[in-house]
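Structure assessment
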Amino acid sequence: TLTSAFVTLQFSLISVIPIVWAACRFGVLGGVLAANLTVLVTLVAYLLVYPNAIDLPQFPINPEQLHLHKLNLLLQSAVALVVGTAITERAAGQV
């Protein structure tokens, strides 16, 4: 339903905070590593919650919700890359 997709999106936005923190603290490497860790944890969570999803004819989650979650992860990774790059360039310019 629309409500469950909205709640899932709200919970997935919580991971933006540590990603931006890692990008600000450790630069581009920290931001990219934090974003990759978030994507990896999400994939493992899907595998733990739906262990037999490969055998099913279609994935047990609404496709719109799954696409929304994938788009959210993509945008979080892009934000981590941009913020990390800006922080790294600023630190290189101060030297």
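Residues numbered from 1 in each chain as written. Predicted model: local features only at pLDDT ≥ 70, side-chain atom pairs only at ≥ 80, totals over all residues. Heavy atoms only, no water.

1. So, a nonpolar patch on the surface
A contiguous nonpolar patch, built from L37, L40, V41, V44, L48 and V49 and spanning about 590 Å² of accessible area, is present on the exposed surface. With respect to the element layout, L37 can be found in helix α2 (residues 16-49). (Patch = residues over 30% accessible without salt bridge, like charges linked within 9 Å, V, L, I, M, F, W, Y side chains within 5 Å. Areas by Shrake-Rupley, 256 points an atom, 1.4 Å probe, with all protein chains shown as cover. Salt bridge = Lys/Arg side-chain N within 4 Å of Asp/Glu carboxyl O. Helix = DSSP H or I, 4+ residues; strand = E, 2+ residues; numbered from the N terminus.)

2. What to know about the confidence of the model for the protein chain
Note: predicted coordinates in regions of low pLDDT should not be interpreted at a detailed level. When pLDDT is averaged along the protein chain, the result is 84, and 92% of the positions lie at 70 or above. Per-element confidence in the protein chain ranges from a low mean pLDDT of 68 for helix α1 (residues 2-12) to a high of 89 for α2. (pLDDT = per-residue confidence, 0-100.)

3. A look at the packing of aromatic side chains
In this structure the tally under the stated criterion is one aromatic pair. Judged by centre distance (5.6 Å) and plane angle (90°), the ring pair of W21 and F26 falls under edge-to-face. (Phe/Tyr/Trp six-rings, centres within 6.5 Å; stacked < 30°, edge-to-face > 60°.)

4. Thoughts on the layout of surface pockets
Volume-wise, the largest pocket comes out at about 170 Å³. For the largest pocket, the lining is made up of 13 residues, of which S12, T38, V41, T42 and H69 are closest to its centre. Contributing elements (two or more residues each) for the lining of the largest pocket: α1, α2 and α3 (63-94). Grouping the constituent residues of the lining of the largest pocket by class yields eight nonpolar, five polar and no charged. (1 Å grid on protein atoms, 1.4 Å probe; cavity = no way out; pocket = protein on both sides within 12 Å on 5 of 7 lines; lining within 4 Å. Points joined across faces, edges and corners; volume = space filled by probe spheres on them. Nonpolar A, V, L, I, M, F, W, Y, C, P; charged D, E, K, R; others polar.)

5. Looking at α3
Compared with an ideal rise of 1.5 Å per residue, which puts 32 residues at 46 Å, α3 spans 47 Å between its outermost C-alpha atoms and is within 8% of the ideal. Along α3, the residues classified as buried are Q65, H69, N72, L73, Q76, A80, G84 and I87. (Expected span 1.5 Å × (residues − 1). Buried < 20%, exposed > 50% of the residue type's maximum accessible area, 1.4 Å probe, protein only.)

6. Here we look at the nonpolar core
With five residues, the main nonpolar core is built from I19, A22, A34, A35 and A80. The leading source of residues in this core is α2, at four residues. Leaving out residues up to four positions away in the same chain, I19 has contacts with G31, A34, A35, T38, Q76 and A80. (Core = buried A, V, L, I, M, F, W, Y, C linked by side-chain atoms within 4.5 Å. Contact = heavy atoms within 4.5 Å.)

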